[in-house]
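In case you want the letters, here they are:
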Amino acid sequence: MQITKANYYDLDTEREYMSRSQYRGFQRCEAQQMAILSGEWVEAPSEAMLIGQYVHAWCEGKRDEFISEHPEMFTKAGTLRSGYQQANEMIATLAADPLCMYMLEGQKEVVFTADFAGAKWRAMVDVYNPQRRRIVDLKTTRSIWEATWSERHGGRVSFIEQYDYPLQAALYCEIERLANGRPEGDWPDYYMVAVSKDSVPDKEVIDLRDPERYQKELDSIRGNMGRISAVKAGELEPIRCESCDYCRATKVLRGAVYYADI
Ligand SMILES: [Zn+2]
């Protein structure tokens, strides 16, 4: 199967190839991820996701196309919904900053595939600039500087750690390296252009180059992929997390819970 932008998100592609989001899905809840792969569970995109896609469409030079394909951007009265007004502010913020625009120069939405950790993987990078050996990820985020609670880390962490962006950087650099047949550790530079949803949007170019961290992230993926591949192949029973939307929707009560256990 040849992976292109057109079939990148197809269910058949998901079944054959791992991706960063599928890996995170298995980490969060195996049962939900398996239900997504079987087609039993479909997650409608949230407005936050659509707003991210709108900003990406601008980056790709496809803003008008996105608007014509998304009439839900407008109210019945024909005015732009507030989330998208905000997105326009975010786009204007990026467009006005020379460093952001410099970092966003390159090929847009480029797909790479590679064999890694005993599975086939795919990655679609927002901006690929082979001349400058650079991958750039464009991210819309609620805030760039606000720390939020993370159960996994047992403390407050930046949005970078909250959403596992070092893992994404490591994985995308490794898939790009393997796809281009370069020697081990010969990774491209990886940056993020982040723009916030503050009423006056903030922006930063974030340097995510950290080879030592990449090794740790890639090792942890290698360590987890044995089980994930076995679950995905139907050889192991997926574990339910009992707290995601899928687990709540499919929960069957078998008795009362004692009040002190709530
Ligand atoms: Zn779950």
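For the structure, check the block above.
Here is what the cut-offs are and how they apply
Here the residue numbers are simple positions, counted from 1 along each chain's written sequence. Since the coordinates come from a predicted model, pLDDT governs what is reported: local features require at least 70, and pairs of side-chain atoms require 80 or more to be given and counted, while whole-chain, interface and lining totals use all residues. The basis for every side-chain value is the complete set of heavy atoms in the structure, and neither hydrogens nor water enter the calculation. By convention a nonpolar core is built from buried Ala, Val, Leu, Ile, Met, Phe, Trp, Tyr and Cys residues, the set being connected through side-chain atoms within 4.5 Å. The classification of residues rests on relative accessible area computed with a 1.4 Å probe and restricted to protein chains. Under 20% of the type maximum is buried, over 50% is exposed, and intermediate values are partly exposed. Helix numbers and strand numbers start at the N terminus; a helix is a DSSP run of H or I with at least 4 residues, a strand a run of E with at least 2. Here, two residues are considered to be in contact whenever any of their heavy atoms come within 4.5 Å of each other. Given the number of residues in a helix, its expected span is that number minus one, multiplied by 1.5 Å. Here a polar contact means two N or O atoms within 3.5 Å. Within protein one must be a hydrogen donor candidate and the other an acceptor candidate, and residues neighboring in sequence count only if both atoms are side-chain atoms. The seven residues ending at a residue and the seven starting there each receive a fitted axis; the angle between those axes is the bend at that residue. Here the coordinating atoms are restricted to nitrogen, oxygen and sulfur within 2.8 Å of the metal centre, or 3.2 Å for Na, K and Ca, and because water is not among them the sites may look incomplete. Square planar and octahedral sites, with four and six donors, are those where opposite donors lie more than 155 degrees apart and all other angles lie between 65 and 115, tetrahedral sites have four donors with every angle between 85 and 135 degrees, and the rest are irregular. Note on aromatic contacts: the rings of Phe and Tyr and the six-membered ring of Trp form a pair at centre separations within 6.5 Å, being stacked when their planes are under 30 degrees apart, edge-to-face when over 60 apart, and tilted otherwise. In this analysis the charged atom, NZ for Lys or CZ for Arg, is taken to sit over a ring once it is within 6 Å of the ring centre and within 35 degrees of the ring normal. Salt bridge, as used here, is a side-chain nitrogen of Lys or Arg placed within 4 Å of a carboxyl oxygen of Asp or Glu. Two strands are counted as paired when DSSP detects at least two bridges linking them.

Engineer: Which parts of the structure should I look at to understand the nonpolar core?
Structural biologist: Within soluble globular proteins, side chains that are nonpolar tend to cluster in buried spots. W121 and I221 are the most contacted members of the largest nonpolar core, which totals 38 residues. Looking at this core, the elements with two or more residues in it are α2 (20–28), α3 (30–38), β1 (107–116), β2 (119–129), α8 (159–162), α9 (165–179), β6 (189–196) and α10 (211–232). For I221, the contacting residues outside a window of four places in its chain are Y23, F116, W121, L167 and L171. Listed in part, the 24 residues of the second largest apolar core include L50, A57, L94 and Y191.

Engineer: In this structure, what is going on with α9? I would like to understand it.
Structural biologist: Since the α-helix advances by 3.6 residues per turn, residues separated by three or four positions end up pointing in the same direction. With 15 residues, α9 should reach 21 Å at 1.5 Å per residue; the first-to-last C-alpha distance of 21 Å fits that figure. The element α9 is extensively covered by neighbouring structure, given that 13 of its 15 residues are classed as buried. After α9 finishes, the residue G181 shows a positive phi value of roughly 65°.

Engineer: How do you make sense of the environment of R209 when you look at a structure like this?
Structural biologist: Within the fold, R209 resides in the loop between β7 (203–207) and α10. Sequence spacing of R209 and Y190 is 19 residues, and the spatial spacing of their C-alpha atoms is 5.7 Å. With sequence-adjacent residues up to four places away left out, R209 is seen in contact with D189, Y190, Y191 and Y214. Of the polar contacts made by the side chain of R209, one reaches the side chain of Y191; its length is 3.4 Å. Looking at R209, its side chain comes within polar contact range of the side chain of D207, at 2.8 Å.

Engineer: Help me understand α10, please; the structure alone is not making it clear to me.
Structural biologist: Taking 1.5 Å as the rise per residue, α10 with 22 residues should run 32 Å; its terminal C-alpha atoms sit 30 Å apart, in good agreement. Along its length, α10 shows its largest kink, about 40°, at M225. Within α10, the full set of buried residues consists of Y214, E217, L218, I221, M225, I228, A230 and V231. The elements touched by buried residues of α10 are α2, α3, β1, β2, α9 and β6.

Engineer: Help me understand the coordination of the zinc ion, please; the structure alone is not making it clear to me.
Structural biologist: Looking at the zinc ion, the protein donor atoms are C29 (SG), C241 (SG), C244 (SG) and C247 (SG), and they sit 2.3 Å from it. Around the zinc ion, the 4 donor atoms sit at angles spanning 106 to 117°, and that spread fits a shape best called tetrahedral. In the primary structure, the donors to the zinc ion are separated according to the pattern C-x211-C-x2-C-x2-C. On the criterion of sequence distance, the pair formed by C29 in the loop between α2 and α3 and C247 in helix α11 (residues 245–249) is long-range, its members being 218 residues apart. C247 carries the same exposure label as C29, and that label is buried.

Engineer: Could you clarify how one ought to interpret the packing of aromatic side chains in this entry?
Structural biologist: Here the distance between the centres and the angle between the planes together describe a pair of aromatic rings. Evaluation of the coordinates by the stated rule reveals 11 aromatic pairs. An angle of 70° between the planes, with centres 6.0 Å apart, marks the rings of F159 and Y165 as edge-to-face. With respect to burial, F159 and Y165 carry one shared label: buried. By the ring-pair criterion, three or more aromatic residues cluster together here, those being Y23, F116 and W121. Seen from the ring of Y8, R122 lies directly overhead, with NZ or CZ sitting 4.5 Å from the centre.

Engineer: What exactly am I supposed to notice about the pattern of salt bridges here?
Structural biologist: Opposite charge on two side chains permits pairing when their charged atoms draw close. Taken as a whole, this structure holds 23 salt bridges when the rule is applied. A salt bridge links E14 to R122, with the nearest nitrogen and oxygen atoms 3.1 Å apart. Taken together, the residues E14 in helix α1 (residues 11–16) and R122 in strand β2 connect sequence positions 108 residues apart. E14 sits in the buried class, given a relative accessible area of 13%. Looking at R122, the relative accessible area reads 1%, which means it is buried.

Engineer: Honestly, the pairing of β6 in this entry has me stumped. Any pointers?
Structural biologist: In the case of a regular strand, side chains alternate between the two sheet surfaces. Taking burial as the measure, the 8 residues of β6 include 7 buried ones, the bulk of the element. Sheet analysis places strand β3 (residues 134–141) next to β6, joined by 8 bridges and oriented parallel. Residue pairing in the sheet places I135 in a bridge with Y190 of β6. Note: β6 against β7, 5 bridges, orientation antiparallel. Bridge pairing in β7 places V195 opposite K203. Between the end of β6 and the start of β7, which pair antiparallel, lie 6 residues.

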